[in-house]
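Reading the structure
Each chain is listed here by its residues.
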Amino acid sequence: MKLDGMVAIVTGGGSGIGESTVKLFATQGASVVVADIDYKNAERVVELVERSGGKAIAVQVDVSLWPQVDAMIQTTLDTFNDLNILVNAAGRQVHTPDITEVSEDEWVKVMDINLKGVFFCTKAALPIMVNKGQGVIVNLSSASVLEGQTFSAPYSVSKAGVEMFTKITSSQYRRRGVRVNCILPGLIDTPGSRNVEGKLGTFDSFVKTIPSARSGRPDEVAHLILFLASEESSFISGISVVIDGGRDAQ
Ligand code: NAD
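No experiment lies behind these values; they were computed from the predicted model shown.

Overview of the site of the ligand
S15, D36, Q93, Y155 and T190 are the nearest of the 29 residues found near the ligand. Residue D62 places a side-chain N or O atom 2.9 Å away from a nitrogen atom belonging to the ligand. In the model, an oxygen atom of the ligand is placed 2.8 Å from a nitrogen or oxygen of the K159 side chain. Breaking the shell around the ligand down by element, the ones donating at least two residues are α1 (16-27), α5 (153-173) and α6 (191-200). Among the elements that make up the shell around the ligand, the one with the highest residue count is α6 (three residues). For the shell around the ligand, the per-class residue count stands at 13 nonpolar, twelve polar and four charged.

Now the structure itself:
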């Protein structure tokens, strides 16, 4: 039990990497807040956790709206009386056309969810963690930041922002007891990536570019998140970890 007695919030916990993380955390003894804009899916995940004997609650939240993020933290404290771990996995995966064709609306939507959402959740969680002198945050960036992938300027820029935000959060709060790290996944087979890549018919062609000759599984990312959230990584803060089947190194 690597997270025995811990309380964790997983945003985007209703699907994909977030869902796998919730399930893994629960098996490791954490009480988990499944925070997602899609309440039905959050409830589904909670049911699965409870059926296997774990503890979880569903909270509906749009991470880009401060009052809802604030309420998510309050519900966490009211229910579990603590907060030790925040995993920022909520995200909007998109393909967009070249920059001249990207609408302001799409740019703002992606930045709001992927970047402002991480800022809001971090801002709301930090006071509790700092107060105790202990806390862990794991952010989901993307391997798309490594090569300036052309499939979406707003997506890749938002994820590059998450990486920098991770470093700054660590530099400002590590001395106050909070560890912050970020993960850069390559192609992981989730409803989110299937939705985007599948529509364009690019999922299988992308897989061909991965030296491991397959996409990643959400549970493989969840295990990395668990490592970064647990005491096993107690001396690690402010870094980005790539999990991409060897794609960046070819
Ligand atoms: P997913 O689409 O399967 O799950 C994302 C979840 O976030 C969904 O349940 C969705 O409802 C929720 N969400 C979306 N907007 C929200 C909002 N405003 N407030 C709260 N919840 C919201 O995605 P996934 O593939 O599991 O990705 C998880 C994270 O990992 C994302 O940040 C994504 O950008 C990142 N990532 C994924 C991949 C991949 O290949 N799957 C690669 C790199 C990075």
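Next comes the rest of the description.
Overview of the pattern of salt bridges
Between side chains of opposite charge, a pair can form when the charged atoms approach closely. Scanning the model with the defined rule gives 13 salt bridges in all. One salt bridge connects E232 with K2, and the closest N-O pair in it is separated by 3.7 Å. Taken as a pair, E232 in the loop between α8 (218-229) and β7 (240-243) and K2 in the segment before β1 (7-11) lie far apart in primary sequence, 230 residues in all. The class for K2 is partly exposed, based on a relative accessible area of 42%. With its nearest N and O atoms 3.3 Å apart, the salt bridge here joins R247 to E147. Of the two residues, R247 sits in the segment after β7 while E147 sits in the loop between β5 (135-140) and α5, which places them 100 residues apart along the sequence. The network of salt bridges with common partners includes R214, R217, D219 and E220.

Observations concerning α6
Those residues of α6 that fall on the buried side of the exposure criterion are S193, V196 and E197. Mapping the buried residues of α6 onto a view down its axis gives an arc of 85 degrees, with all of them on the same face. Set apart from the buried face of α6 by more than 90 degrees, the exposed residues are P191 and K199. Next to the buried residues of α6 lie α7 (203-207). At the C-terminal side of α6, G201 shows a positive phi close to 70 degrees.

Thresholds, definitions, all that
- Residues numbered from 1 in each chain as written.
- Predicted model: local features only at pLDDT ≥ 70, side-chain atom pairs only at ≥ 80, totals over all residues.
- Heavy atoms only, no water.
- Near = heavy atom within 4 Å.
- Polar contact = N/O pair within 3.5 Å; in protein donor to acceptor, adjacent residues only side chain to side chain.
- Helix = DSSP H or I, 4+ residues; strand = E, 2+ residues; numbered from the N terminus.
- Nonpolar A, V, L, I, M, F, W, Y, C, P; charged D, E, K, R; others polar.
- Salt bridge = Lys/Arg side-chain N within 4 Å of Asp/Glu carboxyl O.
- Buried < 20%, exposed > 50% of the residue type's maximum accessible area, 1.4 Å probe, protein only.
- Arc of directions from axis to C-beta.
- Contact = heavy atoms within 4.5 Å.

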